[in-house]
Amino acid sequence: MKKYIAFGFALICIFSLAGCNSADTSEGNSVLTSLASFSYEEDYMLYYDDFGLKTSDFLNADVCLIDGQKSAVEQAENECTIEYNATSEYYDNEAEMWRVDFQTVSREQGVAILVGTRQSVYLDNNGITHLIVYHEEQQ
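Residues numbered from 1 in each chain as written. Predicted model: local features only at pLDDT ≥ 70, side-chain atom pairs only at ≥ 80, totals over all residues. Heavy atoms only, no water.

## Re the overall build of the protein chain
Right, so step 1: A tally of helices and strands in the protein chain yields three helices and eight strands.
Right, so step 2: Helices and strands appear in the protein chain in the N-to-C order α-β-β-β-α-β-α-β-β-β-β.
Right, so step 3: Carbon together with sulfur atoms contributes 53% to the accessible area of the protein chain, which is approximately 9,400 Å² in total. (Helix = DSSP H or I, 4+ residues; strand = E, 2+ residues; numbered from the N terminus. Areas by Shrake-Rupley, 256 points an atom, 1.4 Å probe, with all protein chains shown as cover.)

Structure, rendered in structure tokens:
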């Protein structure tokens, strides 16, 4: 009986691991399905009257197709004006917009702490920048 229980437990573990490893990481519509999402419309409305908002005179004005997180970061780097050591990438499926956050992160006792200013660059699937938000340092 113990053998059957052990065998059943082993099968459950194997299938659980197989399920974790078979997560869909293919790029459908040029976006990883596991990518964090956001709402471009909500972000735009949130920062609409913010003095740290830039809506024109962007460097990314020509088409450069975005085919995933890596190319989104590479394209957004053209607009980044702050020093950073970390990025976070988000995608809005409905608006087909990317948001790449540039920030400096410090680790103290195993805890990540945001240091300095954060900058968010919003670009579409064609690599054209639509919005940049400069977030003030929180003291």
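## What about the pattern of salt bridges?
Pairing between side chains of opposite charge can happen when their charged atoms approach one another.
Right, so step 1: Enumeration according to the criterion identifies three salt bridges in this entry.
Right, so step 2: Linking Arg99 and Asp43 is a salt bridge whose minimum nitrogen-to-oxygen distance equals 2.9 Å. Note that Arg99 is positioned in strand 6 (residues 97–108) and Asp43 in helix 2 (residues 40–47), a separation of 56 residues in sequence.
Right, so step 3: A residue is classified by how much of its surface remains accessible, and Arg99, at 13% relative accessible area, is buried. (Salt bridge = Lys/Arg side-chain N within 4 Å of Asp/Glu carboxyl O. Buried < 20%, exposed > 50% of the residue type's maximum accessible area, 1.4 Å probe, protein only.)

## A closer look at the packing of aromatic side chains
Right, so step 1: Per the stated rule, a full pass over the model turns up six aromatic pairs.
Right, so step 2: Pairing Phe38 with Tyr122 gives two aromatic rings, centres 5.8 Å apart and planes at 55°, and the pair type is tilted. In this pair, Phe38 sits in the loop between strand 3 (36–37) and helix 2 while Tyr122 sits in strand 7 (residues 111–124), placing the two residues 84 residues apart along the sequence. For the pair shown, Phe38 and Tyr122 are each scored as buried.
Right, so step 3: Aromatic ring contacts, followed pair by pair, group Phe38, Tyr40, Tyr44, Tyr48 and Tyr122 into a single cluster.
Right, so step 4: Lying over the aromatic face of Phe38, Arg99 brings its terminal NZ or CZ to 5.4 Å of the ring centre.
Right, so step 5: When the ring centre of Tyr90 is taken as reference, the NZ or CZ atom of Arg99 above it lies at 4.1 Å. (Phe/Tyr/Trp six-rings, centres within 6.5 Å; stacked < 30°, edge-to-face > 60°. Lys NZ or Arg CZ within 6 Å of the ring centre and 35° of its normal.)

## Focus on the sheet that holds strand 5 (residues 86–92)
Right, so step 1: Within the open sheet, the six strands sit side by side as 3-5-6-7-8-4. Their pairing is mixed. Looking along the sheet, the strands with just one partner apiece sit at the ends: strand 3 and strand 4 (53–54).
Right, so step 2: Along the sheet, helix 2 makes contact with strand 4, strand 5, strand 6, strand 7 and strand 8 (129–135), crossing strand 8 at roughly 50°.
Right, so step 3: Sitting on the sheet, helix 3 (residues 69–77) touches strand 5, strand 6 and strand 7, and the angle it makes with strand 6 is about 85°. (Pairing = 2+ DSSP bridges. Contact = heavy atoms within 4.5 Å. Axes fitted to C-alpha atoms, helices over the stretch in contact; angles between N-to-C directions.)

## Focus: the pairing of strand 5
Right, so step 1: Looking at chain direction, strand 3 and strand 5 are connected through two bridges and run parallel. Following the sheet pairing, Ser37 is matched in strand 5 by Tyr91.
Right, so step 2: Alignment of strand 5 against strand 6, held across seven bridges, turns out to be antiparallel. Across the sheet, residue Tyr91 finds its bridge partner in strand 6, namely Trp98.
Right, so step 3: Adjacent in sequence and paired antiparallel, strand 5 and strand 6 are bridged by four residues, among which Glu96 carries a positive phi angle near 55°.

## A closer look at a nonpolar patch on the surface
Right, so step 1: Judged by side-chain polarity, Val111, Ile113 and Val115 come together as a nonpolar surface patch covering roughly 210 Å² of accessible area.
Right, so step 2: Within the element layout of this structure, Val115 appears in strand 7. (Patch = residues over 30% accessible without salt bridge, like charges linked within 9 Å, V, L, I, M, F, W, Y side chains within 5 Å.)

## Side note on the confidence of the model for the protein chain
Right, so step 1: Within the protein chain, residue pLDDT values average 79, and 73% of them lie at 70 or more.
Right, so step 2: Ranking the helices and strands of the protein chain by mean pLDDT puts helix 3 first, with 97, and helix 1 (residues 2–21) last, with 37.
Right, so step 3: Across residues 1–33 the pLDDT falls below 50, and counting only partners more than four positions away or on other chains, this stretch makes 16 contacts in the model. (pLDDT = per-residue confidence, 0-100.)

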